[in-house]
Amino acid sequence: MSASLNTAAATVATAQDPACAEPLAVLGRDVTVPLVTGGEVTYAALDYAASAPALQRVWDDVAAYAPYYGSVHRGAGYLSQLSTDLFEQSRVTVAEFLDCRPGDQVVFTRSTTDSLNLLAAVLPAGCQVFVFETEHHASLLPWTNAQVTYLNAPRTPAEAVATLERALADRDPYGPALVCVTGASNVTGELWPVKELAAAAHAHGARIVLDAAQLAPHHPVSVRDLDVDWVAFSGHKLYAPFGSGVLAGRADWLQEAEPYLAGGGASRKVSRREDGGVDVEWHTTAARHEAGSPNVIGVYSIASACRALTEAGFDNLLAREQQLVTRVREGLAEVPAVRVLSLFGEDAPRVGVISFVVDGWNSSHFAAALSAEYGIGVRDGLFCAHPLVRTLLGSEPQAQGECGAPEAAPGERSLNAIRVSFGAGTPDEHVDRFVRAVKELVADGAKWQYRTEDGRCVPAV
């Protein structure tokens, strides 16, 4: 990886010929859905930033293993031993995928949110946490037991680094500190200057955790090159939707803290005391924070996805994705009523995540029309990043239209956006249909009537 994610993205985007690339095979690529206007169409899944479809390779690997499913770390039988070996080999695969350092631990969790809550639970006493207001709630909210400094949204990567440096310069220089930052925004798709932020953190004696939930599915992530202390991501965004996540990085804070969950698997030895209580010796390995029977299928699916993406080659995947990004952005630019949301500006490198608003439309109404009339699945709302979206939208409420947003109270004008997101399994036709649909809806309006039901905009019967 080059000196920064931004440089790497720009280099890869011009180094390959994406016209020769094909999307990776994913489940659901042939699913058809009904249209309110009549007939059916192949579903265009353009909500990868929420949950990406499973790679066919992942599904096949899981199906091949399923008959051999057994308890992990719990049995002497053949299936248990096989499952344990597969579980622990998956840990090695993830460490290689992330280019971890010797001594780093890979802890399996339920999700990115769970991973960051785990890290929050093991922070040393008196730890100061620095986090930008632009973070997803999974990165913004877990630090309830720490002294938190929320940093204002920067408008350039350089401003992000300068803002962090100023904040760190004013901190208590003798206590522990942690910086939490995203690798790619789940709202704008823009890449953040992770390596530069890591250098700033370390220069001021702080550590840094990378939220790679939106980065890892699109871009190589090297713990070593980026010099981050921890990285967190989710399987369900990495084409492995089986309810597992990862926290990988330095072992010391993890080893020194009480287990995230107390129970079997985390405990190495338990004995009764004469006073009637119990003494517990906890594991010092990753098992310390993996109490209970682990999700071996979820873990194996993450490892399978890591292997599949590595073998496909991130250079090729990223190059093709950048072609799709360009097609969507150029198509949206042809519609004057559309405003694409951005922190860092038009030229900022980004992954396949784009949010926008449409003049004269409530975003929930627009997203519902895309689904019902064109078979296109996108996301609308504030994307679990409320401070960021509100900053990007300012004080410009949208027209109420026929449907309101889930976040808007009854009778209030809403503040929400539309997000289109895609990745390694997205066919060209899906993004072309999306651009065409946006143009038609803006020019001609919706063909159907819509109403609000249980907080969602749905076609009127």
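Residues numbered from 1 in each chain as written. Predicted model: local features only at pLDDT ≥ 70, side-chain atom pairs only at ≥ 80, totals over all residues. Heavy atoms only, no water.

**Notes on the sheet that holds strand 14 (residues 353-358)**
To be explicit about the condition: When DSSP finds two or more bridges between a pair of strands, those strands are recorded as paired. To qualify as a helix, a DSSP run of H or I must reach at least 4 residues; to qualify as a strand, a run of E must reach at least 2; elements of each kind are numbered from the N terminus. Throughout, an axis means a line fitted to C-alpha atoms (over the contacting stretch in the case of helices), and angles, computed between N-to-C directions, take values from 0 to 180 degrees.
Judged by pairing direction, the sheet is antiparallel, and its 4 strands sit side by side in the order 13-14-17-16 without closing on themselves. Each edge of the open sheet carries a strand with a single partner, namely strand 13 (338-340) and strand 16 (379-381). Neighbour to neighbour, the strand axes of the sheet diverge by 30° on average, direction disregarded. Strand direction decides the pairing type here: strand 14 and strand 17 (residues 417-421), joined by 4 bridges, are antiparallel. By the bridge assignment for strand 17, Phe-356 is matched with Ile-418.

**Quick word on the pattern of salt bridges**
What counts here: Salt bridges are defined by distance alone: a side-chain nitrogen of Lys or Arg within 4 Å of a carboxyl oxygen of Asp or Glu. Type-normalised accessible area, obtained with a 1.4 Å probe on protein chains alone, sets the label of each residue: buried when under 20%, exposed when over 50%, and partly exposed for intermediate values.
Considering all chains together, one arrives at 24 salt bridges under this definition. Notably, a salt bridge pairs Asp-432 with Arg-327, separated by 2.7 Å at the nearest N-O pair. A residue pair is termed long-range when its members are at least 10 positions apart, and Asp-432 in helix 14 (residues 428-444) and Arg-327 in helix 11 (residues 314-333) qualify at 105 residues. A salt bridge links Asp-380 to Arg-456; the nearest nitrogen and oxygen atoms lie 2.7 Å apart. One end of the pair, Asp-380, is in strand 16; the other, Arg-456, is in strand 19 (residues 456-459), and 76 residues separate them in sequence. Of the residues examined, Arg-456 reaches a relative accessible area of 35% and is grouped as partly exposed. Linked through salt bridges whose partners overlap, the residues forming this network are Arg-57, Asp-61, Arg-307 and Glu-311.

**Focus on the sheet that holds strand 6 (residues 147-151)**
Backbone-to-backbone hydrogen bonds join strands into a sheet, with any given pair of strands oriented parallel or antiparallel. With mixed pairing, the 7 strands of this open sheet are ordered in space as 4-10-9-8-7-5-6. Unpaired on one side and paired on the other, strand 4 (105-109) and strand 6 mark the two borders of the sheet. Each neighbouring strand pair of the sheet contributes to a mean axis angle of 20°, computed without reference to strand direction. As defined by bridge partners, strand 5 (residues 128-132) adjoins strand 7 (residues 177-182) across 4 bridges and the pair is classed as parallel. Its bridge partner lying in strand 7, Phe-130 is registered against Val-179.

**What to know about the pairing of strand 12 (residues 278-282)**
Note that strand 11 (residues 267-272) and strand 12 share 5 bridges and pair antiparallel. By the bridge assignment, Lys-269 is partnered in strand 12 with Glu-281. Adjacent in sequence and paired antiparallel, strand 11 and strand 12 are bridged by 5 residues, among which Gly-276 carries a positive phi angle near 100°.

**A look at the packing of helix 6 (residues 157-169) against helix 7 (residues 194-203)**
Heads up, the condition is: Roughly parallel means an angle under 35 degrees; roughly antiparallel, over 145; roughly perpendicular, 65 to 115; everything else is oblique. The crossing is said to be left-handed when, going from far helix to near helix, the turn is anticlockwise and less than a right angle, and right-handed when the turn is clockwise. Contact definition: two residues touch when any of their heavy atoms are within 4.5 Å. The classification used treats Ala, Val, Leu, Ile, Met, Phe, Trp, Tyr, Cys and Pro as nonpolar, Asp, Glu, Lys and Arg as charged, and all other residues, Gly among them, as polar.
In contact at an axis separation of 9 Å, helix 6 and helix 7 are set at 15° when each is read in the N-to-C sense. In terms of their interaxial angle, helix 6 and helix 7 are classed as roughly parallel. The handedness of the crossing between helix 6 and helix 7 is right-handed. In this structure, helix 6 contributes Ala-160, Val-161, Leu-164, Glu-165 and Leu-168 to the contact, and helix 7 contributes Glu-196, Leu-197, Ala-200 and Ala-201. Looking at side-chain class alone, the contact of helix 6 with helix 7 contains 7 nonpolar, no polar and 2 charged residues.

Read these as layout, nothing more, since geometry by itself doesn't imply function.
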